[in-house]
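Descriptive structure summary
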Amino acid sequence: MNTGYTPSPTRYRTDGMKFRRCGHSGIRLPEMSLGLWHNFGGTDSYANAQAMAHYAFDHGICHFDLGNNYGPPPGSAEETFGKLMRHSFRPYRDELFISTKAGHEMWPGPFGDWGSRKSLMASLDQSLKRMGLDYVDVFYSHRYDPSTPLEETMQALADIVRQGKALYVGISKYPPAQAAQAYRYLESQGTHCLLYQGRYNLFCRLPEQEGLLQQARRNGTGFIAFSPLAQGLLTGRYLDGIPADSRMARNLFLKRDSLTPETLDRIKALDRIAARRGQTLAEMSLAWLLKDDTVTSVIIGASSTSQLADNLKALENTSFDEEELGEIDRISAG
Ligand SMILES: NC(=O)c1ccc[n+]([C@@H]2O[C@H](COP(=O)([O-])OP(=O)(O)OC[C@H]3O[C@@H](n4cnc5c(N)ncnc54)[C@H](OP(=O)(O)O)[C@@H]3O)[C@@H](O)[C@H]2O)c1
């Protein structure tokens, strides 16, 4: 079924989305990307998923981030994306930058997770079928596998590029020592690591502390930040309790007990700074990640088009003065 979707002709207007060079590569990514981890599964409303995907693309968000296991049930976010391709995006494939990953548990038995060649190759074939694609733009090793030789995982990535099933590869959540090894091995195979995908937000400063940001930069690899809003904690969502339709209410990936009185105090303190800047907390949290060129793009999640609209406004002001940065650092450190 074709929905007759026509993307907004202003999606690349110069005062809208900006694009950043991804490490030392020919790729420029939108400052904001959309992740399909939540709210695009088989149990979610397709109409809402479609509205969000259209809204995103209409506003220059041309990078969609998936994973083999996104759902629920696992695999169903890729099926939803396949449907979106059929209904709306097929004529625009070359304008889209689509990523997926393998490494977390996906199917039963010894080959359904982690980083063996067998698992990665089979998983990507499944993902391509679900999405109705010939290739993805980026294929990631979703997590470091301490039981598989790193060379095996990286060789599989390099071969996937040679097979034409992915144009580029990336790694996600690798510790710094293994990331360094991965970068070197891939380079030795003539495959540059395009992206490091890591959790980075005002409540998780590990990529700075562990040197992952600097390491990626030295390697000419882009850094793309996931959960930039700490799954919703760094927004106005929980200022007055836990809404019934929120991620925290489901108590699965974002636990109710993460909202301690201390955390709520920090959220409120950050919200006051955001208000002074004339921004919502979500806008300021995203703007902070984009304040310089350390981060190539932030992969946001959303449950509605109004959240997307709010988040896009972050791009209007990503400058901070020293005083604000100091204040934010003190709150962020806890
Ligand atoms: N590589 C990895 O291992 C890994 C891990 C996690 C995520 N990721 C990627 O990163 C993407 C984003 O992760 P995430 O969903 O955790 O990102 P996030 O942006 O930190 O959180 C998204 C959630 O925050 C809430 N939210 C967003 N904008 C809001 C706004 N303006 N006002 C109020 N609430 C707002 C929504 O929660 P409600 O649903 O409650 O409305 C939304 O679902 C994923 O989809 C995935 O692609 C990768």
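Preceding block: the structure.
What you are looking at is a predicted structure, and each value in this text was computed from that prediction instead of being measured. (Residues numbered from 1 in each chain as written. Predicted model: local features only at pLDDT ≥ 70, side-chain atom pairs only at ≥ 80, totals over all residues.)

On to the overall build of the protein, then. Helix and strand counts for the protein come out as 12 helices and 10 strands. Here the protein has a C-alpha radius of gyration of 19 Å; the compact-globule value for 334 residues is 20 Å, and the two agree. Taken over the C-alpha atoms alone, the protein extends approximately 50 × 50 × 40 Å along its principal axes. Here the protein holds 334 residues, and the buried ones make up 46% of them. Across the protein, the fraction of contacts at a sequence separation of at least 24, relative to all contacts at a separation of at least 6, is 75%. (Helix = DSSP H or I, 4+ residues; strand = E, 2+ residues; numbered from the N terminus. Rg over C-alpha atoms; globule rule 2.2 N^0.38 Å. Buried ≥ 20, exposed ≤ 12 C-beta atoms within 10 Å, placed from the backbone. Contact = placed C-beta atoms within 7 Å.)

Okay, the nonpolar core next. Of all hydrophobic cores here, the largest spans 87 residues; its most connected members are Val138, Phe139, Val169, Ala225 and Val298. Setting aside residues no more than four positions away along its own chain, Phe139 makes contact with Thr100, Leu124, Leu157, Ile160, Ala166 and Val169. (Core = buried A, V, L, I, M, F, W, Y, C linked by C-beta atoms within 7 Å.)

Within strand S8 (residues 193–199), six of the seven residues are buried, leaving the element largely enclosed by the surrounding structure. As paired strands, strand S7 (residues 166–172) and S8 are joined by four bridges and run parallel to one another. When the sheet's bridge partners are listed, Val169 is paired in S8 with Cys193. Considered for its hand, the β-α-β crossover made up of S7, helix H5 (residues 176–188) and S8 is right-handed. Relative to strand S9 (residues 222–226), S8 is paired through five bridges, and the arrangement is parallel. Within S9, the residue paired with Tyr196 across the bridge is Phe223. (Pairing = 2+ DSSP bridges. Right-handed = clockwise from strand over helix to strand, strands pointing away.)

This paragraph deals with unusual backbone geometry. Following Gly71, the chain continues to Pro72 via a peptide bond in cis, the omega torsion being -5°. Here the residue pair Pro72 and Pro73 is connected by a cis peptide bond, since its omega of -10° sits within 30 degrees of zero. Here Pro73 shows up in the loop between strand S4 (63–65) and helix H2 (76–89). The backbone of Ala230 sits at a positive phi, close to 50°, despite the residue not being glycine. Residue position: Ala230 is located in the loop between S9 and helix H8 (247–250).

For helix H3 (residues 117–131), built from 15 residues, the straight-helix expectation of 21 Å at 1.5 Å per residue is met to within 8% by its first-to-last C-alpha distance of 21 Å. Buried within H3 we find Ser119, Leu120, Ser123, Leu124, Ser127, Arg130 and Met131. End-on view of H3: buried residues confined to an arc of 125°, all on one side of the axis. Here the buried face of H3 lies against H2, strand S5 (97–102), strand S6 (136–141) and helix H4 (150–162). Where H3 ends, the next residue or the one after it, Gly132, has phi of about 65°, a positive value. (Expected span 1.5 Å × (residues − 1). Arc of directions from axis to C-beta.)

Pairing in this closed barrel of eight strands is parallel, and the strands run S3-S4-S5-S6-S7-S8-S9-S10 around the ring. Neighbour-to-neighbour, the strand axes of the sheet open up by a mean angle of 30°, direction not taken into account. In this structure, strand S3 (residues 32–35) lies alongside S4, joined through two bridges in parallel fashion. When the sheet's bridge partners are listed, Gly35 is paired in S4 with Asp65. Of the strands in this sheet, S7 and S8 touch H5, which is tilted by about 165° from S8. (Axes fitted to C-alpha atoms, helices over the stretch in contact; angles between N-to-C directions.)

Taken together, the neighbourhood of the ligand is formed by 30 residues, with Gly35, Trp37, Phe226, Gly232 and Gly301 sitting nearest. Mapped onto the shell around the ligand, the elements with two or more residues apiece are strand S10 (297–300) and helix H11 (305–313). Here the shell around the ligand gets three residues from one element, more than from any other, and that element is H11. Per-class residue counts for the shell around the ligand are 10 nonpolar, 15 polar and five charged. (Near = placed C-beta within 6 Å. Nonpolar A, V, L, I, M, F, W, Y, C, P; charged D, E, K, R; others polar.)

Read these as spatial facts, not as claims about activity.
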